[in-house]
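A closer look at the structure
Listed below, chain by chain, are the residues.
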Amino acid sequence: LLFAIMPPKAKRAKSVEEDEDEVEAGSDTETAAAAKRAALAAVPDDVFERQLSDHARNSNITSCTVESEIPDAAKTEPCCLGIDEAGRGPVMGPMVYGICFCPLSADARLRKEGFADSKALTEEKRENLFHSMKKSDYLGWKTRILSPVEISEGMLGRTNYNLNSLSHDTAIALVKRAIEQGVNVREVYVDTVGKEDVYQRKLQGIFPDLKIVVSAKADAKFPIVSAASICAKVSRDRVVGLWQCRELHLRAQVMELGSGYPGDPVTKQWLTAHNDPIFGFPTVVRFSWATAKTIMESQCKSVRWEDDDEDDTGTPSVMTFFKKKDAPPARHRFFSERRLTHFTTF
């Protein structure tokens, strides 16, 4: 347990107007907190909503997949499949990859129903479209919710697993899963991550029998990618909105995270206020982001590790077991750093 004793700040007399404002603001905060607690306590009737809610509240330190049933039409007719993501840039919360698939003959139906780039739609429109997707008899979908913990672990590991590689592998795994479950995929449309031609060759090499189209702004060009974009965006918004921190001292708090993007003042304020000087941020934060690193470097305690090379216990390094048997013994750094050599004659 960590305790901090701070000297009290000097207080000035408050006006009546300020007191009234504080009461009003306090009431708003309490109302928001009560609404959030009610949302957390509610058990959704929708099976998909239950999965998203359970992940946000109970298992958000790991990644998970939420998916629909496979429509019969998607198994018997040639299908197109779209891929897009939501939450690539934020410093907090998960990144969500979504795929949607439907018969090629349903393209006009998608356009008529209003599927377009999720970023260009209102929240209400996205919600309505997602609701219709969950009840659709011709459209199937899957989302992969990548936790901020796993994103940070990959990027900060001994071997850097960058966000582009994670994005590619996630998209490829979702396509493979759809095919394994019987979806008759013939065409794949992808919103590019990295260089279009490089990603195109990579996907074409893995799926040589499919038509692959990798394009920037694919979510605004192809309705099936727009559907995937909406699916990913709504799923992420739902998880972030119901997010319950695993840290015990934060579980009862209402999480006013803002948008999660580094430039959001609300997000920056939350990060500054919830950075422990020893343990850093809660698990909702992506430690690997530059914004988080900057705050930790300025606010957290520094740690100095003893140099393993200075260990004089005589315990051999594990690397010595891989040396050739006739290799000369390594000299101690004391001699090598001073360029001292052996000699037998003057």
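Computed from a predicted model, the values in this text were never measured in an experiment.

The rules behind these values
- Residues numbered from 1 in each chain as written.
- Predicted model: local features only at pLDDT ≥ 70, side-chain atom pairs only at ≥ 80, totals over all residues.
- Heavy atoms only, no water.
- Salt bridge = Lys/Arg side-chain N within 4 Å of Asp/Glu carboxyl O.
- Patch = residues over 30% accessible without salt bridge, like charges linked within 9 Å, V, L, I, M, F, W, Y side chains within 5 Å.
- Areas by Shrake-Rupley, 256 points an atom, 1.4 Å probe, with all protein chains shown as cover.
- Helix = DSSP H or I, 4+ residues; strand = E, 2+ residues; numbered from the N terminus.
- Buried < 20%, exposed > 50% of the residue type's maximum accessible area, 1.4 Å probe, protein only.
- Axes fitted to C-alpha atoms, helices over the stretch in contact; angles between N-to-C directions.
- Parallel < 35°, antiparallel > 145°, perpendicular 65-115°, else oblique.
- Contact = heavy atoms within 4.5 Å.
- Nonpolar A, V, L, I, M, F, W, Y, C, P; charged D, E, K, R; others polar.
- Pairing = 2+ DSSP bridges.

A few points about the pattern of salt bridges
Enumeration according to the criterion identifies 11 salt bridges in this entry. Connected via shared salt-bridge partners are Glu-49, Glu-127, Lys-134 and Arg-238.

Quick notes on a nonpolar patch on the surface
Side chains of Phe-334, Phe-335 and Leu-340 sit close together on the surface and give an oily, nonpolar patch of about 260 Å² of accessible area. Relative to the assigned elements, Phe-334 resides in helix H12 (residues 333-337). The partly exposed category is assigned to Phe-334, whose relative accessible area is 41%.

As for the packing of helix H5 (residues 123-134) against helix H9 (residues 223-241)
Running from N to C, H5 and H9 point in directions that differ by 105°, and their axes come no closer than 10 Å. Classified by the interaxial angle, the pair formed by H5 and H9 is roughly perpendicular. Counted together, Arg-126, Glu-127, Leu-129, Phe-130 and Met-133 of H5 and Ala-227, Ile-230, Cys-231, Lys-233, Val-234, Ser-235, Asp-237 and Arg-238 of H9 form the full contact between these two elements. Partitioning the contact of H5 with H9 into residue classes produces 7 nonpolar, 1 polar and 5 charged.

Focus: the sheet that holds strand E4 (residues 140-146)
What the 6 strands build is an open sheet, ordered E1-E4-E3-E2-E5-E6; its pairing is mixed. Pairing within the sheet leaves two strands with one partner each, and these edge strands are strand E1 (64-67) and strand E6 (211-215). Going across the sheet, the axis of each strand differs from the next one's by a mean of 15°, ignoring polarity. Note: strand E2 (residues 79-86) against strand E5 (residues 185-191), 5 bridges, orientation parallel. Counterpart to Cys-80 in the pairing with E5 is Glu-187. Set on the sheet, helix H7 (residues 163-180) makes contact with E1, E2, strand E3 (95-103), E4 and E5; between it and E3 the angle comes to about 35°.

It is worth stressing that arrangement in space is one thing and function is another; only the former is reported here.
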